[in-house]
Amino acid sequence: MQTHYSQSTDSSYATAVNDEVVVDKQAFEPEKHAPSEAIATGIFITVHGHFYQPPRENPYLEAIERQPSASPFHDWNERVHYECYRPNAFARVLNEQGELINIVNNFEYLSFNVGPTLMSWLETHDPEVYQRILDADRTSCERLNGHGNAIAQVYNHIIMPLANDRDKQTQIRWGKEDFRSRFGRDPEGMWLAETAVDYATLEVLVAEGIKFIILAPSQVQRCRPLPKPGQHVTQWTEVGGGQIDPIRPYRCFLPGGDLNRDYIDVFFYDGPISRDMGFNEVLSSSQLFADRIGQAVRGDRRTSQLISVATDGETFGHHKGGAEKALAYAVSVEFPQRGWLTTNYAHYLSICPPEWEVELKPVTAWSCSHGVNRWKDDCGCGGGGVWHQQWRRPLRDALDWLRDRLAGVYETSGRRLLRDPWHARNEYIHVVRDRRSDTVRTFLDHHQAHLLSDDERIDVLRLLEMQRHTLLMYTSCGWFFEELSRPEGVQILRYASRAIDLAKDVSGIDFEAEFIHRLSTAPSNIKSFVHGAEVYHQLVKPSHISMEQVAAHYAMSSIFQHYSVEQKVYCYRVSQLDYQIQRIGPLTLAIGQLQLTSEITHEFGHLIFAVLHLGGWDIHCCVAPFAGRLAYAKTQEQLFAALNQGNIARLILKMNEVLGDRTYTLQDLFAEERHRIMEMLSDETLSGLDQLYTQVYRDNYSILMAFHRDELTPPRELQVAAEIAVGNKLMSALQTLEQHLLESPLNLSDCLGQLAELQAIATEAEYLKCTLSLPQARLLLEDQIMCVLQHLIHDHDNETFDAAFDCLRQLIAVGDRFKLCVSLSHAQELYMNHFHNTMMPTIHECQQKVYALPDPEQCTEILQLRNLLHVGKALCIDVQHVLEQLS
C-alpha cells in the first residue's frame, strides 16, 4: 500500500551491508513536505525516542562532579552524549567503502521528547547539538503541516500517579513552559515518565491543553468504536492483555466530563517491535528494522495504518552502538522506498482523528507489571537477584512526610511575601530557565505581596528553590533499580537535603533529624550502610557545601592560579575586594577579602581568608566573617608578621586564633579543582621521571633495537622506558606543530617540517612496537586537522593549497600510524556543511559556464573545486561522482 505522501525513489539506490548503513553514488533527497489532507491514506511510520538522563548535579553547586564510572569521560551525561545525542544529530550514511555519503539529523524524522534537565545540559555543553534538535523540530513542522516532532515531558521524570495534585500541575506546567521557551510553540503531546498514568493525571493534562499521550499496549483495559451520528453505542471489547490494535489513535474520555472537551487522545506503541528494538538485533541494520516494521503492516483494506514504535532514545547509539546509522538510513531511504511516510503523532492525529475510544486500567506504567509499585514497594521489578527492595516504601514515606512539612513552611512563610505562593511556584520555571537578574526582578515584581526588602527577596528565592528541590527529590530513577545506595537513590536524597537546608534558612525549622530517623527504616542490601540513615550520613552529608567552603575553595585555588577581580565559582559570583600574597622560601601566605553571591538565591556573604602553602601537598586555610576594615587590617598585620618570623607552628596557631579553629586542607577542595591541583603538583615529579626514562632509553637504545631486530621480547623495564620516551617525543612534536598552526599567516613550510618529524617518530614507535595511550595526543590531532581544514576551505590560495592539503593528509596518517583512533567527525561535518551550502551551488554555476569555454581547464573555479573535492576524499567522504561530473 502506497501512502499519498510518499515520493518514489530508485530502488537500486541503497542496500544494507552487515551492520553499516550503505548507499550508492546517487544522492537521495527525501520529501520535504506532506500535503494537507482531510483523511490519511497509506502507511505511516512513527518512531518515538524518549531521550532522558537522570539529573546528576550537586544541588549545592548546580554542577555535575566527576563520575569515575563514566571514564574516560567526565560524567555519564558526557559519555551518553558522545555515544548517542551527538551521533543522532549528525548520523552517518556510508557507502560500501565506509565513505560518508550523507549526514542525517535523526531528530528531523524521530518523534521525540528530551527531558528538560537533559536539554539544559545540552544547551550549556554542546550548543551545536542543542540547536540541531531545535532545528529538527522546526524542519519537521515545515514538512508535516505545522506539526513538529518534539513533544513535552513532565518536568523532572516524576511518577505522576504517585504525585499530589499540586505537584502534578506544576510538573505539567513546568514541562510545557520549558518546551515553549525552547521550541517556540506550545506542545501538542506530553511524555509521562515511565508512561505512568491514572485518570487524575489525565484530568490535569486535559486542563492544561495537552492533546495526546503515548502509552504501552498493556495499559489499556477495553475499547470500542465511537458512535457515529444516529448509531447506538456498541459494547466494549476487553483488551487488557495487551491486545489493543496499535495502528490507530484512540480517544479517552474523563469520567463524568463533558464529552465535547474532556478527553485526551492516546497512541499505543507496538509492543513486540518496541521490545525487539531494545532487546534483540532489529537495529543492527536498517533493512532488518524496516523488515520488522513491515511485519506489522496489515494486509486488509484499511484506509490508513500507523505503525508506531517507542523506546528509550539512548537505544540509538548508547545501548546499541551504531544503531543511529541504521535509523538514519531507514528513515531517509528504506521507508520511502517502501512507500511509507515517516511522521509524528500530532501530524497523524490531524489527518486521522480517533474513531475508537478506550478505557485505561486504573494505575499503570510501561516498566512495571504491578501498576506503579516499582516506585513505592518491594514488587520485584528491577531486582538484583537475591537483593530485596524493601527500602522503597520507607523511602517514599519519608519523602512524602518531608514534602508535606516543607509545604507547610512554604505556605506559612510564602503568604507573607507572595500574593499566591502556589501560583508563583508554577511560574517559577521562568526563573529556572533564565537566572539573569532582570528575569528574577520581573518575576518578583509580578508575584510579591508587597514591596520586598532585599532580605525578603532572598527568602522568596530560598522558598522557591526549596520547592524546586522538593520536586526533584521525586525523580523516578531513585526507585528504579535494586538498591537505595546507588547513585540515583543518593541523588534524590541530596535534593531532599538541600530542601531541608533551605527551609531551615528561611524558617529556622530543621527537619533533618526526623527525616534521617525515618530513613533508618529503609533497609539497605549492603552491610556497610545497613539502612537509609547511614546512606544519608555517608553519601549525602559530604556533598553539603557552605559559603565558607566556597571561600576556602577560592582561597586555596588562588595559590595555584590567578583569579580576576570578578570570578565565577560554580553557581557563586565571587568579588575579590582585597588580595595580598607574600612568599618566604618555600612558604606562601595569601590573605584576602571576598564577597560571595549565590546566582540561585542571591544570598551573599562577606568573608576573609588566610591560606598558607607549606609546599607540596601541605595547605592550611582558615575562613571567617568580615568584621570590619580595622579588624581585617589587624589580621593582615599579625599574620604577615608571623610569616616573617619564619616560625610555621606559630603562624598556624595565629591563623587559628584570629580566624577560628575551623581549618581547610587540599582534601576540602571541590573534586574538580583538587584533581587539577594534584596533577599540577605531580608535574614536577613526573617531569623528573620522564627525564630518567628518556635517559634509560637513550643509554639502552642499541640493546632494545637488537631485541626487536631478532624478534625477541625485550625486558619490560626497557620497553616501558621506550614507550614513555617515544610518547614524550610525540607530545612535544605535536605541541610544537600546534604553535606553528596558530601562527598568522600560517607557515606551512614549518608545519610540514614538523610533520616530517612526527612521521619519523611514528617509524620509531612502529619498529619498537610501542603501545601508546595518549588521549591528549588524539585531541591535539583532531584540533589540528580542523585548523588545517578551516584554512583549506576559507583561506587557501592556489599557491598554498598543495602544501596545506599535504599537511592535512599527513595529520590523518600520523593518527593512523600511532593508532590514536582520531575522529574525523567534526571535520566531516564542517566539510559537508561547506559542500552543500557553498560548493554545490558553485558547481552548478560552473557547469553552466563551462559550456561556453573551449577548454574546461580554463575555468579556475572548477580547478579550485576539484582541489576541494580531493580534500573530501581525504576525509573519507564519497565525492567521486561529483569529481566525475567536473572531469
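Residues numbered from 1 in each chain as written. Predicted model: local features only at pLDDT ≥ 70, side-chain atom pairs only at ≥ 80, totals over all residues. Heavy atoms only, no water.

### Quick look at the overall build of the protein
- For the protein, the count of helices and strands is 30 helices and 22 strands.
- Taken over C-alpha atoms, the radius of gyration comes to 32 Å for the protein, in line with the 29 Å a tight globule of 887 residues would show.
- The C-alpha extent of the protein, read off along each of the three principal axes, is 100 × 85 × 55 Å.
- Here the protein holds 887 residues, and the buried ones make up 55% of them.
- In the protein, 70% of the contacts between residues at least 6 apart in sequence involve partners at least 24 apart.
- For the protein, the computed accessible surface area is about 38,100 Å², with 50% contributed by carbon and sulfur atoms. (Helix = DSSP H or I, 4+ residues; strand = E, 2+ residues; numbered from the N terminus. Rg over C-alpha atoms; globule rule 2.2 N^0.38 Å. Buried < 20%, exposed > 50% of the residue type's maximum accessible area, 1.4 Å probe, protein only. Contact = heavy atoms within 4.5 Å. Areas by Shrake-Rupley, 256 points an atom, 1.4 Å probe, with all protein chains shown as cover.)

### Topic: the pattern of salt bridges
- What the rule picks out here adds up to 56 salt bridges.
- Salt-bridge contacts for Asp276 lead to Arg292; the nearest nitrogen and oxygen are separated by 2.7 Å. Highlighted residues: Asp276 in helix 6 (residues 271-279) and Arg292 in helix 7 (residues 286-294), separated in sequence by 16 residues. Of the two residues, Asp276 and Arg292, both sit in the buried class.
- For Asp377, the salt bridge is made with Arg393, and the minimal N-O distance between the two is 3.2 Å. You can see Asp377 sitting in the loop between strand 16 (356-360) and helix 10 (392-417) and its partner Arg393 sitting in helix 10, a full 16 residues away along the chain. (Salt bridge = Lys/Arg side-chain N within 4 Å of Asp/Glu carboxyl O.)

### Some words on the confidence of the model for the protein
- The share of residues in the protein with pLDDT of 70 or more is 94%, and the mean pLDDT across the chain is 91.
- Ignoring residues within four places in sequence, the model shows residues 1-32, a span with pLDDT below 50, making 92 contacts including any to other chains. (pLDDT = per-residue confidence, 0-100.)

### Focus: the packing of aromatic side chains
- Counting across every chain of the model gives 30 aromatic pairs.
- Ring plane angle 65° and centroid distance 5.7 Å describe the contact between Tyr250 and Phe268, whose orientation is recorded as edge-to-face. Here Tyr250 is found in strand 12 (residues 250-253), whereas its partner Phe268 is found in strand 13 (residues 263-268), with 18 residues between them in sequence. Both residues of the pair, Tyr250 and Phe268, belong to the buried class. (Phe/Tyr/Trp six-rings, centres within 6.5 Å; stacked < 30°, edge-to-face > 60°.)

### Some words on the packing of helix 1 (residues 76-89) against helix 2 (residues 116-125)
- Where helix 1 contacts helix 2, the axes come no closer than 12 Å and their chain directions differ by 85°. Of the possible angle classes, the one that applies to helix 1 and helix 2 is roughly perpendicular. Along the contact surface, helix 1 presents Asn77, Glu78, His81 and Tyr85, while helix 2 presents Leu118, Trp121 and Leu122.
- Among the residues forming the contact of helix 1 with helix 2, the class breakdown is four nonpolar, two polar and one charged. (Axes fitted to C-alpha atoms, helices over the stretch in contact; angles between N-to-C directions. Parallel < 35°, antiparallel > 145°, perpendicular 65-115°, else oblique. Nonpolar A, V, L, I, M, F, W, Y, C, P; charged D, E, K, R; others polar.)

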